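Geometric and topological summary
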Amino acid sequence: FPVNSGKDVERYVDFNIKTEKLHRRQDYDWRSHGYGLMSRYYQGFAPMLNSEFDLIYNLTYQRLTSAGNVDTGPFRRAVWYYVHRLYGIENDDYDYASINKYLNKQVKKFIKKCACYPQDITRSDYEVFGYDFTDDEKCHVTLLVFEARRQASIVFGLKALGKYLSSTR
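Only a predicted model underlies this, so the values are computations on that prediction, with no experimental measurement involved.

1. Quick look at the overall build of the chain
When helices and strands are tallied, the chain shows seven helices and six strands. Ordering the α and β elements of the chain from the N terminus gives β-β-β-α-α-β-β-α-β-α-α-α-α. Against the globule reference of 15 Å for 169 residues, the chain gives a C-alpha radius of gyration of 17 Å, in line with a compact fold. Its C-alpha atoms put the chain at 55 × 35 × 30 Å along the principal axes. Buried residues in the chain amount to 39% of all 169 residues.

Next comes the structure, spelled out in structure tokens:
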């Protein structure tokens, strides 16, 4: 997860799933744990956040590139869980082999850059996306990435807050 370099600037450090302990989504997630804790301390904000997460996650026009009547759910899930995995969150119920099935190397490179180094995104990254997506589809992928990253950050923050609150009782 981001590391403070001492100059008030955070930088992403790759999460090594072989040497670092994964955060299991089943142990602490937004819906089961974070939502309630946030509601307790910042009333009204949790439902709004939840609506935003759901809107972006479920948004679909039932098409991909020029193909219509397509179930984009598996692709959207692959994007979401890939971002969570970049930040060390694992969902026991998700088949991570699906990520490689739905996301080619170029798309994964774009997603990682958006999620971890958004300040470095260039027009070229957008143009060599990896699939022949329309501009609105590329924007939707970018929104998925940013919402998944935001949810991961909020989950880690709320988990730390909950742990602190439990230790002071």
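2. Looking at the nonpolar core
Most often, soluble globular proteins keep nonpolar side chains buried together rather than apart. Judged by nonpolar contacts, the single largest core of 41 residues is most densely connected at W30, Y87, L103, I111 and V145. Elements represented by at least two residues in this core include exactly α1 (30-41), α2 (45-58), α3 (73-86), α5 (105-116) and α7 (135-167).

3. Notes on α5
The terminal C-alpha atoms of α5 lie 16 Å apart, and with 12 residues this matches the ideal 16 Å at 1.5 Å per residue to within 8%. When we look at burial in α5, the residues that qualify are V107, K108, F110, I111, C114, A115 and C116. The secondary structure elements touched by the buried residues of α5 are α3, α4 (97-102), α6 (123-127) and α7. The opening residue of α5, the one whose side-chain oxygen lies 3.1 Å from the backbone nitrogen of Q106, is N104.

4. Observations regarding the packing of aromatic side chains
Applying the stated rule across the entire model yields 11 aromatic pairs. When the centroid spacing of 5.5 Å and the interplanar angle of 80° are considered together, the rings of F75 and F133 count as edge-to-face. With F75 in helix α3 and F133 in the loop between α6 and α7, this residue pair connects regions lying 58 residues apart in the sequence. Exposure remark for F75: the relative accessible area of 6% places this residue in the buried category. A network of ring pairs unites the aromatic residues F75, F110, F129, Y131 and F133 as a single cluster. Lying across the ring of Y96, R85 places its NZ or CZ 4.3 Å from the centre. Over the aromatic face of Y126 sits the side chain of K138, whose NZ or CZ is 4.9 Å from the ring centroid.

5. A few points about a nonpolar patch on the surface
Together, Y41, Y42, L161 and Y164 make up a nonpolar patch on the protein surface, roughly 460 Å² of accessible area in all. Secondary-structure assignment places L161 in helix α7. When its relative accessible area of 33% is taken as the criterion, L161 is described as partly exposed.

6. What to know about the side chain of E147
Topologically, E147 is positioned in helix α7. A distance of 3.0 Å separates the side chain of E147 from the side chain of R150, its partner in a polar contact. When neighbours within four sequence positions are excluded, E147 is seen to be in contact with E52, F53, I56 and W80.

Cut-off values and rules
- Counting restarts for each chain: residues are numbered from 1 in the order of the written sequence.
- Note on the predicted model: pLDDT of at least 70 is required for a residue's local features to be given, and 80 or more for side-chain atom pairs to be given and counted; whole-chain, interface and lining totals, by contrast, use all residues.
- Side-chain figures throughout are based on the complete set of non-hydrogen atoms in the structure, without hydrogens or water.
- What counts as a helix is a DSSP run of H or I of at least four residues, what counts as a strand is a run of E of at least two, and both are numbered from the N terminus.
- Radius of gyration means the value over C-alpha atoms here, while the globule rule gives 2.2 Å times the residue count to the 0.38 power.
- Each residue's exposure class comes from its accessible area (1.4 Å probe, protein chains only) as a fraction of the maximum for that residue type: buried when under 20%, exposed when over 50%, partly exposed otherwise.
- The criterion is simple. A nonpolar core is a set of buried Ala, Val, Leu, Ile, Met, Phe, Trp, Tyr and Cys residues joined through side-chain atoms within 4.5 Å.
- Given the number of residues in a helix, its expected span is that number minus one, multiplied by 1.5 Å.
- Whether two residues are in contact is decided by their heavy atoms: any pair within 4.5 Å suffices.
- Whenever a nitrogen or oxygen atom comes within 3.5 Å of another N or O atom, the pair is scored as a polar contact, on the condition that within protein one atom can donate a hydrogen and the other can accept it, and that pairs from neighbouring residues in sequence are kept only if both atoms are in side chains.
- Two rings from Phe, Tyr or Trp (for Trp, the six-membered ring) form a pair when their centres are within 6.5 Å of each other. A pair whose planes differ by under 30 degrees is stacked, one over 60 is edge-to-face, and the rest are tilted.
- Over a ring means this: the NZ of a Lys or the CZ of an Arg is within 6 Å of the ring centre and within 35 degrees of the ring normal.
- Each patch is built from salt-bridge-free residues with over 30% relative accessible area, joining like charges within 9 Å and nonpolar side chains (Val, Leu, Ile, Met, Phe, Trp, Tyr) within 5 Å.
- Note on areas: Shrake-Rupley, 1.4 Å probe, and residue coverage restricted to the protein chains presented here.
- A pair is scored as a salt bridge if a Lys or Arg side-chain nitrogen falls within 4 Å of a carboxyl oxygen belonging to Asp or Glu.

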